[in-house]
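If you want the building blocks of each chain, they are given just below.
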Amino acid sequence: DAMVIQNPRYQVTQFGKPVTLSCSQTLNHNVMYWYQQKSSQAPKLLFHYYDKDFNNEADTPDNFQSRRPNTSFCFLDIRSPGLGDAAMYLCATSRPGLREKLFFGSGTQLSVL
Amino acid sequence: QKEVEQNSGPLSVPEGAIASLNCTYSDRGSQSFFWYRQYSGKSPELIMFIYSNGDKEDGRFTAQLNKASQYVSLLIRDSQPSDSATYLCAVIGSSTLGRLYFGRGTQLTVWP
């Protein structure tokens, strides 16, 4: 049973056309994360939510935004995708704390044409 | 983002050998250390975590932590072809309130 679900698994969008990626969880975890992973690179943290508190990484481009309407759902909005935004986008959840492990979804592979 | 450094490899070992993967981190206040395995096109999967100096063993996997040297490693004994994957080191710092920062990973190939 999937606990962190990302849809769609593959997303194709056009240069400059807004796109939204979604994530849902059945774990009732307080914390949700969005990571971007480009080929052969480290997953890069974009933002995370602690409950409804939004935390943006300093180097996350303004082109990326996120919404968390409730505990279970979180969305990543890319307002004007560029070719450099093509990547795997990973959603993860955890309970709060320094020692809590992350549970990842299966990821959404975004292609920008 | 906090720096986590790994040798990207590739590391190639024969089946049955010990694979040794290394990671260094820059945040001296880091508290928690994780090893994730990632198969191509898949999301990371947690395989080990360690919080205290020393060794921690789980089956064929041993994680080693040396906070004074800011160094964490993963040993895989009796390597199998199914262990072929990218291994990501990840760290939570004392000031990052649960945020996990990853290294770029070491690609391991185990050949039969």
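The coordinates are above.
Residues numbered from 1 in each chain as written. Chains lettered and ligands numbered in written order. Predicted model: local features only at pLDDT ≥ 70, side-chain atom pairs only at ≥ 80, totals over all residues. Heavy atoms only, no water.

To continue, consider the overall build of chain A. Helix and strand content of chain A: 0 helices and 11 strands. When the helices and strands of chain A are listed from N to C terminus, the series reads β-β-β-β-β-β-β-β-β-β-β. Considered along the principal axes of its C-alpha atoms, chain A spans approximately 40 × 35 × 30 Å. The burial tally for chain A puts 45% of its 113 residues in the buried class. Put simply, of all contacts in chain A between residues at least 6 apart along the chain, 55% involve residues at least 24 apart. Surface summary for chain A: the accessible area is close to 5,500 Å², and the carbon and sulfur share equals 50%. Taken as two groups, the 11 positive and 9 negative side-chain charges of chain A have centres that lie 4 Å from each other. (Helix = DSSP H or I, 4+ residues; strand = E, 2+ residues; numbered from the N terminus. Buried < 20%, exposed > 50% of the residue type's maximum accessible area, 1.4 Å probe, protein only. Contact = heavy atoms within 4.5 Å. Areas by Shrake-Rupley, 256 points an atom, 1.4 Å probe, with all protein chains shown as cover. Lys, Arg positive; Asp, Glu negative; His and termini not counted. Charge placed at Lys NZ, Arg CZ, Asp CG, Glu CD.)

Following the criterion strictly, the structure yields 2 disulfides over all chains and no others. Covalently, C23(B) is tied to C89(B) through a disulfide, its sulfur atoms 2.1 Å apart. Judged by the torsion about the S-S bond (-75°), the C23(B)/C89(B) disulfide is left-handed. Of this pair, C23(B) sits in strand β3 (residues 19-25) while C89(B) is found in strand β9 (residues 85-92), placing the two residues 66 residues apart along the sequence. Each member of the pair, C23(B) as well as C89(B), is classed as buried. Lacking any disulfide linkage, C74(A) is separated from the closest cysteine sulfur, that of C91(A), by 5.9 Å. Residue classification places C74(A) among the buried residues on the basis of a relative accessible area of 1%. (Disulfide = S-S within 2.5 Å.)

Let us now look at the interface of chain A and chain B. On the side of chain B, 23 residues touch chain A, which itself brings 24 residues to the contact. At the boundary of chain A with chain B, total buried surface from both sides reaches about 2,000 Å², with 54% on carbon and sulfur atoms. Our count for the chain A to chain B interface comes out at 1 salt bridge. Connecting chain A to chain B are 8 residue pairs in polar contact (both at pLDDT 80 or more). Put simply, the parts of the chain that give the side of chain A that touches chain B at least two residues each are β4 (31-37), β5 (44-50) and β9 (87-94) of chain A. By residue class, the composition of the side of chain A that touches chain B is 10 nonpolar, 7 polar and 7 charged. (Buried area = accessible area lost by both parts, 1.4 Å probe. Salt bridge = Lys/Arg side-chain N within 4 Å of Asp/Glu carboxyl O. Polar contact = N/O pair within 3.5 Å; in protein donor to acceptor, adjacent residues only side chain to side chain. Nonpolar A, V, L, I, M, F, W, Y, C, P; charged D, E, K, R; others polar.)

Hydrogen bonds between backbone groups are what pair the strands of a sheet, and the pairing can be parallel or antiparallel. Residues and elements named next belong to chain B. Ordered by their spatial adjacency, 5 strands build an open sheet running β1-β3-β8-β7-β6, and the pairing between neighbours is antiparallel. Each edge of the sheet is formed by a strand with only one pairing partner; in this case those strands are β1 (4-6) and β6 (54-58). Going across the sheet, the axis of each strand differs from the next one's by a mean of 20°, ignoring polarity. Two elements, strand β7 (residues 61-66) and strand β8 (residues 71-76), share 6 bridges in a ladder whose sense is antiparallel. When the sheet's bridge partners are listed, N66 is paired in β8 with Y71. (Pairing = 2+ DSSP bridges. Axes fitted to C-alpha atoms, helices over the stretch in contact; angles between N-to-C directions.)

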